[in-house]
Amino acid sequence: MIIRGRAPLRVSFGGGGTDVAPFCVEQGGAIIGSTINKYAYCSIVPRNDDQIIVHSLDFDMTVKYNTKENYVYDGRLDLVTAALKAMDIKQGCEVYLQCDAPPGSGLGTSSTVMVALLIAMAKWKGVYLDGYALADLAYQVEREDLKIDGGYQDQYAATFGGFNFIEFHGRNNVVVNPLRIKKEIIHELQYNLLLSANIIKDQVKNYEKKDAFDAMCEVKALAYALKDELLKGNLYSFGKLLDYGWQSKKRMSSKITTPQINELYDEALKAGALGGKLLGAGGGGYLLAFRINPETGGLTLINEKESLLPEPSYLCLDKSGKYLLTCHCADPWHVTKIKKNEDGTFQNEVLFDDTAIVMFRIREDGGIGDVCDVAITPGTGGNGPNSRKNVDPVTN
C-alpha cells in the first residue's frame, strides 16, 4: 500500500507581508494570489517494524527514526520530524519527499511540503481534516513548533489551491475567498507573466516605524485593488498595480531588495513590463545564465542554479572564464552554514551567520555548473553588522 499526498506551490500578487504578526493581528492582513502547476509530493509506504526512514529526493538525504524514541530536532529534515510528532506517528514507514521547486524559490516550498506531508499522514491514519484545520495545523507545526519565521499565506494557499483572496486577522481568524475568474482572463494573465525566480524578522522589527507601517497598509489596500481589477479582467491596471505594490513593499524593509534586483527590475520596465514583484520574503537566492544575441541584443535563458546561500550580492568570472564566484553577505539573523561532505558535495547546515564565497564551474554552453568550492568566513552568531565579515572586495 502506498499513501500519497500532493500540494501546489503558489505565487502571490499583492498583500505579501501583511499576513505576518503583529500587523495581521492588529490591523488585519489581506493577500491575493494563486497556486501554480508545480507541486510538493509525499509518498508513505507502511512497514511492519518500528523504523521510519525518510528519503528527501531533493536534498539526496535519508534520515532514520525509531518510533519508540523521542523525535529530536537536529537540523536534518526537521519539517518531517515535526510532522511525525504532530500526527503522533507510531508505526514504521518509509516516507519519500520531492518538490518541483527548491527551497528559497519564493514559492512557499517548505509550507507546501508540510501540507503534502500532513495530507499523506492524515490519509494513512484515517483522520479527516478540513481545509482550515489542515492549514492551521501546518501553521502550528512550522511557525510555533519549529519557530520558523513567516506568516499564514503559504499554508492556506497550498491547502485550498486556485485563485484566492485571503483575509487574516490572526490565528483561527482566517477567511479564504475563492475568486471566480474567467478562463480567458487566467490564460491571458499566464501568457503575460514571467516567473523567474530572510527578511521576515527585519519586517517585524520595522513594524513600529511609521514609513514601514504605512507601506504595509498600502500593500494591504493593494491586495483589494488587485482583486477588483482581476475580477474585471483589466490586466493593464493589474500590471501597473504590481509595480505600485513593489515600490511600497521595498519600504517595509531595507533588505527586501538588492541593487542587482533593482537593476533587473528597471531593465524589465524599460523592455515594456508594466510591473512585477519578487516572490517570497525577498533577498534573492537564484543565479540565472543567459545567452546574448550579438545582432539583436536579445537574451535566451541557458539555465538557472540555486545560489546555495541567501543574498548573493556580487558576481564575477575568474580570468580564465571557467569559474563563477558569488559573494554571500549573510544576514545577521540568518543561521545558515555550508558543510562540505566527505564525497565533495555541499549542503546547508543550520548553525550561525557565516559569509562565504561560492565557486561554480562554467559549462561549455555558458551555463552555470555545479559548485566546486566554497570559502567560508565564520560569523560570531551575533545580531548586528559586526557579526559578519565583508567578502565582497574579494571579487572586485
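Parameters and conventions
- Residues numbered from 1 in each chain as written.
- Predicted model: local features only at pLDDT ≥ 70, side-chain atom pairs only at ≥ 80, totals over all residues.
- Heavy atoms only, no water.
- Helix = DSSP H or I, 4+ residues; strand = E, 2+ residues; numbered from the N terminus.
- Buried < 20%, exposed > 50% of the residue type's maximum accessible area, 1.4 Å probe, protein only.
- Areas by Shrake-Rupley, 256 points an atom, 1.4 Å probe, with all protein chains shown as cover.
- Phe/Tyr/Trp six-rings, centres within 6.5 Å; stacked < 30°, edge-to-face > 60°.
- Lys NZ or Arg CZ within 6 Å of the ring centre and 35° of its normal.
- Pairing = 2+ DSSP bridges.
- Salt bridge = Lys/Arg side-chain N within 4 Å of Asp/Glu carboxyl O.
- Axes fitted to C-alpha atoms, helices over the stretch in contact; angles between N-to-C directions.
- Left-handed = near helix turned anticlockwise from the far one by under 90°.
- Contact = heavy atoms within 4.5 Å.
- Nonpolar A, V, L, I, M, F, W, Y, C, P; charged D, E, K, R; others polar.
- pLDDT = per-residue confidence, 0-100.
- Core = buried A, V, L, I, M, F, W, Y, C linked by side-chain atoms within 4.5 Å.

1. What to know about the overall build of the chain
Part 1 of the argument: When its secondary structure is counted, the chain shows 10 helices and 15 strands.
Part 2 of the argument: Buried residues in the chain amount to 49% of all 396 residues.
Part 3 of the argument: Of the roughly 20,100 Å² that the chain leaves accessible, carbon and sulfur atoms contribute 51%.

2. Some words on the packing of aromatic side chains
Part 1 of the argument: For the structure shown, the criterion picks out 10 aromatic pairs.
Part 2 of the argument: Centre to centre, the rings of Y156 and F160 are 6.4 Å apart; their planes meet at 5°, and the pair counts as stacked. With Y156 and F160 both in helix α5 (residues 153-160) and 4 residues apart, this pair spans about one turn of that helix.
Part 3 of the argument: Owing to a relative accessible area of 2%, Y156 belongs among the buried residues under this scheme.
Part 4 of the argument: The class of F160 is partly exposed, set by a relative accessible area of 32%.
Part 5 of the argument: A connected cluster of aromatic rings, assembled from ring pairs, spans F13, F163 and F238.
Part 6 of the argument: Over the ring of F165 we find K227; its NZ or CZ atom is 4.6 Å from the centre of that ring.

3. Overview of the pairing of strand β7 (residues 174-178)
Part 1 of the argument: Note that strand β6 (residues 163-168) and β7 share 5 bridges and pair antiparallel. When the sheet's bridge partners are listed, F168 is paired in β7 with V174.
Part 2 of the argument: Hairpin connection of β6 to β7: 5 residues between the antiparallel strands, including G170 at a positive phi of 100°.

4. Side note on the pattern of salt bridges
Should the charged atoms of two oppositely charged side chains come close, the side chains can pair.
Part 1 of the argument: Counting across every chain of the model gives 8 salt bridges.
Part 2 of the argument: Put simply, D50 and K68 hold a salt bridge, and the shortest N to O gap is 3.4 Å. Of this pair, D50 sits in the loop between β2 (29-46) and β3 (51-56) while K68 is found in the loop between β4 (61-66) and α2 (78-86), placing the two residues 18 residues apart along the sequence.
Part 3 of the argument: Judged by its relative accessible area of 28%, D50 falls in the partly exposed class.
Part 4 of the argument: Note on K68: relative accessible area 69%, which makes it exposed.

5. Topic: the packing of helix α4 (residues 131-145) against α5
Part 1 of the argument: Between α4 and α5, the shortest axis-to-axis distance is 9 Å and the interhelical angle comes to 145°. The hand of the α4/α5 crossing is right-handed. Together, G131, Y132, L134, A135, D136, A138, Y139, E142 and R143 of α4 and D154, Q155, Y156, T159 and F160 of α5 make up the contact between the two elements.
Part 2 of the argument: Along the lines of polarity and charge, the residues of the contact of α4 with α5 split into 7 nonpolar, 3 polar and 4 charged.

6. Structural notes on the confidence of the model for the chain
Atomic detail in the predicted coordinates should be set aside for any region of low pLDDT.
Part 1 of the argument: Averaged over every residue, the pLDDT of the chain is 78; residues scoring 70 or more account for 74%.
Part 2 of the argument: The model gives residues 196-204 a pLDDT under 50, and that stretch makes 29 contacts with residues more than four places away or in other chains.
Part 3 of the argument: Considering only residues more than four positions removed or in separate chains, one finds that residues 380-396, a stretch of pLDDT under 50, has 39 contacts.

7. Concerning the packing of α2 against helix α3 (residues 109-125)
Part 1 of the argument: The geometry of α2 relative to α3 is characterised by a closest axis approach of 10 Å and an angle of 35° between their N-to-C directions. Crossing angle aside, the handedness with which α2 passes α3 is right-handed. Two secondary-structure elements touch here, α2 through L79, V80, A83 and L84 and α3 through S110, M114, L117, L118 and M121.
Part 2 of the argument: The class makeup of the residues in the contact of α2 with α3 is 8 nonpolar, 1 polar and no charged.

8. Focus: the nonpolar core
Generally speaking, soluble globular proteins have nonpolar side chains that are buried together.
Part 1 of the argument: Core analysis: the biggest nonpolar cluster contains 61 residues, and F13, I44, Y65, L117 and L230 have the highest contact counts within it.
Part 2 of the argument: No other element matches α3, which puts 10 residues into this core.
Part 3 of the argument: Contact partners of I44, with chain neighbours within four places excluded, come to M1, I2, I3, C93, E94, V95, A120, M121 and W124.

9. Quick notes on α5
Part 1 of the argument: The buried fraction of α5 amounts to 7 of the 8 residues, a majority that puts the element mostly inside the structure.
Part 2 of the argument: Turning to α5, its buried residues number three or more, namely Q153, D154, Q155, Y156, A157, A158 and T159.
Part 3 of the argument: Elements that come into contact with the buried residues of α5 comprise β1 (3-14), β2, α3, α4, β6 and β7.
Part 4 of the argument: Following α5 by one or two positions, G161 adopts a phi angle in the positive range, close to 70°.

10. Some thoughts on the side chain of S56
Part 1 of the argument: Note on placement: S56 falls in strand β3.
Part 2 of the argument: With near-sequence residues (within four places) excluded, S56 lies in contact with M61, L77 and L97.

11. A look at the pairing of β3
Part 1 of the argument: Most of β3 sits inside the fold, with 5 of its 6 residues counted as buried.
Part 2 of the argument: Across 6 bridges, the pairing between β3 and β4 is antiparallel. Across the sheet, V54 pairs through a bridge with V63, a residue of β4.
Part 3 of the argument: Taking the residues that link successive antiparallel strands as the turn, the β3-β4 hairpin has 4 residues, and the phi of D60 there is positive, at about 50°.
Part 4 of the argument: Bridge count between β3 and strand β5 (residues 93-99): 5 bridges; the pairing is parallel. Considered in β5, the bridge of I52 is made with C93.

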